[in-house]
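# Report on the structure
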Amino acid sequence: MTKPVIGFIGLGLMGGNMVENLQKRGYQLNVMDLNKDAVATCVARGANAVSSAKELAAASDIVMLCLTTSAVVEKLVYGDEGILAGIKEGAVLVDFGTSIPSSTRKIGADLAAKGVGMIDAPLGRTPAHAKDGLLNIMAAGDMDTFNKVKPVLDEQGENVFHLGALGAGHTTKLINNFMGMTTVCAMSQAFAVAELAGVDRAQLFDIMSAGPSNSPFMKFCKNYAVDGVSDLGFSIANANKDLGYFLKMVEDLGTQSKIAEGSSANLQAAFDAGLGNGNVPEIFDYFVKLAK
């Protein structure tokens, strides 16, 4: 069978490596990004550069997005030169970013009116996994659409989950990030309080990690707070964005999360203090400085 032509918008660390993986596997790609060097790298491997989302969508069987925010996704979908204006009947849009579920469902409905399918498919793991096609992919959407793109997703992910109706992928990713980032905030403050109280942070880790609080996130926090190694590749700015999206989602569900509000407030404060580009465990520095 002929491989589908893929249009890919968003060539950052994750998206650029995903494109490289697809190119190695023989797919023809149309690519677009504000970073011209990233585009040139893909073109050198055989991709076709396009000047608008409309042009990219018209020339592609599957359009893939790996973008930063729901606002950016909506701009690319609904703009005069956007995806909705150019995408072909029978095509599929796949959103690999972390977006607000209500926005995802709105886009999906507008695409369906044109005979176009949509899958929300946020990602787990790292850019290194993306280059090797070993991502975790949390996909959602109607089963026929999912089955249409699953052969391509299988070449991008080691674990490809189908989670239900459109929006369930983004919902699951936001819940996952709420849990993870709240854990990092709590553990980082635990180490900061130990520092302020004169308790040895390494001993604190040894004691806590011997009990049920032990987790990979605890180790990431210890690596920074005790050893000075920042090795959780997820920024305070991204965590802050995702917690904001989680709060919007629970508001849309008619409920609230005081825990998320607390984590979000701390992340926002660390961001405002100039720590946004640091990895999330570096919020330890913000918690220590609170007492100064």
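Our structure is the block above this text.
What comes next is a walk through the structure. (Residues numbered from 1 in each chain as written. Predicted model: local features only at pLDDT ≥ 70, side-chain atom pairs only at ≥ 80, totals over all residues. Heavy atoms only, no water.)

One recurring pattern in soluble globular proteins: nonpolar side chains tend to sit buried together. Core analysis: the largest hydrophobic core is formed by 34 residues, its most contacted members being Phe191, Phe246, Leu267, Ile283 and Phe284. Put simply, the parts of the chain that give this core at least two residues each are α9 (168-197), α10 (201-209), α11 (216-225), α12 (236-252), α13 (258-275) and α14 (283-289). If one sorts the elements of this core by residue count, α9 sits on top with nine residues. Those residues in contact with Phe284 that lie beyond four places of it in its chain are Ser188, Phe191, Ala192, Arg201, Tyr224 and Ala225. Judged by nonpolar contacts, the second largest core, of 32 residues, contains Leu22, Ala38, Cys66 and Leu123. (Core = buried A, V, L, I, M, F, W, Y, C linked by side-chain atoms within 4.5 Å. Buried < 20%, exposed > 50% of the residue type's maximum accessible area, 1.4 Å probe, protein only. Helix = DSSP H or I, 4+ residues; strand = E, 2+ residues; numbered from the N terminus. Contact = heavy atoms within 4.5 Å.)

A few words on the pairing of strand β9 (residues 157-162). Relative to β9, strand β8 (residues 135-139) is paired through five bridges, and the arrangement is parallel. For Asn136, the partnering residue across the bridge sits in β9 and is Asn159. Chirality of the crossover, the property in question, places the unit of β8, helix α8 (residues 143-156) and β9 among those that are right-handed. (Pairing = 2+ DSSP bridges. Right-handed = clockwise from strand over helix to strand, strands pointing away.)

What follows deals with the sheet that holds strand β4 (residues 62-65). Pairing within the open sheet is parallel, and its six strands lie in the order β3-β2-β1-β4-β5-β6. At either margin of the open sheet sits one strand with a lone partner, and together these are β3 (48-49) and β6 (117-120). Alignment of strand β1 (residues 6-9) against strand β2 (residues 29-32), held across four bridges, turns out to be parallel. Looking at β2, one finds that Ile9 is bridged to Met32.

Within the secondary structure layout, Val152 lies in helix α8. Between the alpha carbons of Val152 and Ile6 there is a distance of 9.6 Å; along the sequence they are 146 residues apart. With near-sequence residues (within four places) excluded, Val152 lies in contact with Pro4, Ile6, Leu22, Tyr27, Ile62 and Met64.

A side chain of one charge can pair with a side chain of the opposite charge when the charged atoms of the two come close. Scanning the entire structure with this criterion turns up 13 salt bridges. Across the pair Lys88 and Asp61 runs a salt bridge whose closest N-O atoms are separated by 3.3 Å. Note that Lys88 is positioned in the loop between α5 (83-86) and β5 (92-95) and Asp61 in the loop between α3 (53-58) and β4, a separation of 27 residues in sequence. Its salt-bridge partner being Lys222, residue Asp227 comes within 2.9 Å of it at the nearest N-O pair. (Salt bridge = Lys/Arg side-chain N within 4 Å of Asp/Glu carboxyl O.)

Residue placement: Asp37 occurs in helix α2 (residues 36-44). Residue class for Asp37 comes out exposed when judged on its relative accessible area of 61%. C-alpha separation for the pair Asp37 and Leu11, spaced 26 residues apart in sequence, amounts to 9.7 Å.

The next subject is the sheet that holds strand β7 (residues 123-124). In spatial order, the strands read β7-β8-β9; together these three strands make up an open sheet with mixed pairing. In the strand order of this sheet, the two ends are held by β7 and β9, each with one partner. In terms of strand pairing, β7 meets β8 through two bridges, oriented antiparallel. Residue pairing for β8: Gly124 is matched across the bridge by Asn136.

Attention now moves to the packing of aromatic side chains. As enumerated under the stated definition, the model contains four aromatic pairs in all. Between Tyr224 and Phe284, the aromatic rings sit 6.4 Å apart at their centres with planes inclined by 80°, giving edge-to-face as the arrangement. Note that Tyr224 is positioned in helix α11 and Phe284 in helix α14, a separation of 60 residues in sequence. Grouping residues by exposure puts Tyr224 and Phe284 together as buried. The lysine or arginine in question, Lys3, covers the ring of Tyr27, its NZ or CZ lying 4.4 Å from the ring centre. (Phe/Tyr/Trp six-rings, centres within 6.5 Å; stacked < 30°, edge-to-face > 60°. Lys NZ or Arg CZ within 6 Å of the ring centre and 35° of its normal.)

From the geometry alone we can't say anything about function, so treat these as descriptive.
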